[in-house]
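The chain contents come next:
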Amino acid sequence: MTTNPGARPQEITINRAASVMRILWLDGHASEFPLRWLRANCPCATCREERRAATMAVADPLRLTATPPPSTEVMGAEFVGQYAIRLTWSDGHATGIFPFAALRACCPCSTCNPEGAPPLVID
Ligand SMILES: [Zn+2]
Ligand SMILES: [Zn+2]
């Protein structure tokens, strides 16, 4: 478990109107994650497998058009122990658990990631 206060949240606000999740970290830094980005980086095994399959299916347009876009609306959120947050999406998908340390590393602000947020890395 990390002791870095930068990877521990002080306050989490999900603004559904603006489609962002804002995390105020214990060290005073704040990150705003677009919900669309969170869903696109859902760390559950199913989504990771889908993303892997999608990158391998680039030559198959039928497969790409057959997949409906995933929901980017959050219906609920809960802490998973001290280290992660689980998001429930409006289509019922709720297996994605986002570790705070990984989220902090992907902070989309220009100070943390001047090139833009990198993909969420869990392993
Ligand atoms: Zn998922
Ligand atoms: Zn930042």
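For the structure, check the block above.
All of the points below concern the structure found in this document. (Residues numbered from 1 in each chain as written. Chains lettered and ligands numbered in written order. Predicted model: local features only at pLDDT ≥ 70, side-chain atom pairs only at ≥ 80, totals over all residues. Heavy atoms only, no water.)

### Concerning the overall build of the protein
Alright, step 1. For the protein, the count of helices and strands is four helices and six strands.
Alright, step 2. Sequence-ordered secondary structure for the protein, helices as α and strands as β, is β-β-β-α-α-α-β-β-β-α.
Alright, step 3. Considering only contacts within the protein whose residues lie at least 6 apart along the sequence, 38% involve residues at least 24 apart. (Helix = DSSP H or I, 4+ residues; strand = E, 2+ residues; numbered from the N terminus. Contact = heavy atoms within 4.5 Å.)

### A look at the nonpolar core
Alright, step 1. By size, the foremost hydrophobic cluster in this structure holds 17 residues, and its most contacted members are Met21, Phe33, Leu38, Leu87 and Leu103.
Alright, step 2. Mapped onto this core, the elements with two or more residues apiece are strand 2 (20-25), helix 1 (35-40), strand 5 (84-89) and helix 4 (100-105).
Alright, step 3. Once you skip the residues sitting within four places of it in the chain, leucine 87 turns out to touch Ile14, Met21, Leu38, Val74, Gly76, Ala77, His93, Ala94, Gly96 and Phe98. (Core = buried A, V, L, I, M, F, W, Y, C linked by side-chain atoms within 4.5 Å. Buried < 20%, exposed > 50% of the residue type's maximum accessible area, 1.4 Å probe, protein only.)

### Let's talk about the coordination of the zinc ion (ligand 1)
Octahedral six-donor coordination of a metal ideally yields angles of 90 or 180 degrees, compared with 109.5 degrees for tetrahedral four-donor coordination.
Alright, step 1. Surrounding the zinc ion (ligand 1) are the protein donor atoms Cys42 (SG), Cys44 (SG), Cys47 (SG) and His93 (NE2), which sit 2.0 to 2.3 Å from the metal.
Alright, step 2. Geometry at the zinc ion (ligand 1) is tetrahedral, judged from its four donor atoms and the angles of 102 to 116° they form at the metal.
Alright, step 3. Between consecutive donors of the zinc ion (ligand 1), the numbers of intervening residues give the motif C-x1-C-x2-C-x45-H. Linking cysteine 44 in the loop between helix 1 and helix 2 (45-56) with histidine 93 in the loop between strand 5 and strand 6 (97-99), this pair joins segments that are 49 residues apart in sequence. With respect to class, cysteine 44 is no different from histidine 93; both count as buried. (Donors = N, O, S within 2.8 Å, 3.2 Å for Na, K, Ca; no water. Tetrahedral: all angles 85-135°; square planar, octahedral: opposite > 155°, others 65-115°.)

### Some details on the coordination of the zinc ion (ligand 2)
Alright, step 1. The zinc ion (ligand 2) binds to the protein through His29 (NE2), Cys107 (SG), Cys109 (SG) and Cys112 (SG), with metal-donor distances spanning 2.0 to 2.3 Å.
Alright, step 2. Relative to the metal, the four donor atoms surrounding the zinc ion (ligand 2) lie at angles of 103 to 116°, and the coordination shape comes out tetrahedral.
Alright, step 3. Read in sequence order, the donor residues for the zinc ion (ligand 2) give the motif H-x77-C-x1-C-x2-C. With histidine 29 in the loop between strand 2 and strand 3 (30-34) and cysteine 109 in the segment after helix 4, this pair connects stretches of sequence that are 80 residues apart.

### Quick notes on the packing of aromatic side chains
Alright, step 1. With the rule as written, the count across this model stands at three aromatic pairs.
Alright, step 2. Ring plane angle 85° and centroid distance 6.3 Å describe the contact between tryptophan 25 and phenylalanine 100, whose orientation is recorded as edge-to-face. Here tryptophan 25 is found in strand 2, whereas its partner phenylalanine 100 is found in helix 4, with 75 residues between them in sequence.
Alright, step 3. With a relative accessible area of 0%, tryptophan 25 lands in the buried category.
Alright, step 4. Measuring from centroid to centroid gives 5.8 Å for phenylalanine 33 and tryptophan 37, while their planes differ by 25°, and the two rings are stacked.
Alright, step 5. When its relative accessible area of 0% is taken as the criterion, phenylalanine 33 is described as buried.
Alright, step 6. Ring pairing ties together the aromatic residues Trp25, Phe79 and Phe100, which thus form one cluster. (Phe/Tyr/Trp six-rings, centres within 6.5 Å; stacked < 30°, edge-to-face > 60°.)

### Quick look at the pattern of salt bridges
Alright, step 1. For the structure shown, the criterion picks out five salt bridges.
Alright, step 2. Of the charged contacts, one joins arginine 52 and glutamate 49 as a salt bridge, the two residues approaching to 2.8 Å between their closest N and O atoms. Residue arginine 52 and its partner glutamate 49 are both found in helix 2; the two are separated by three residues, about one turn of the helix.
Alright, step 3. Assessed through its relative accessible area of 44%, arginine 52 is described here as partly exposed. (Salt bridge = Lys/Arg side-chain N within 4 Å of Asp/Glu carboxyl O.)

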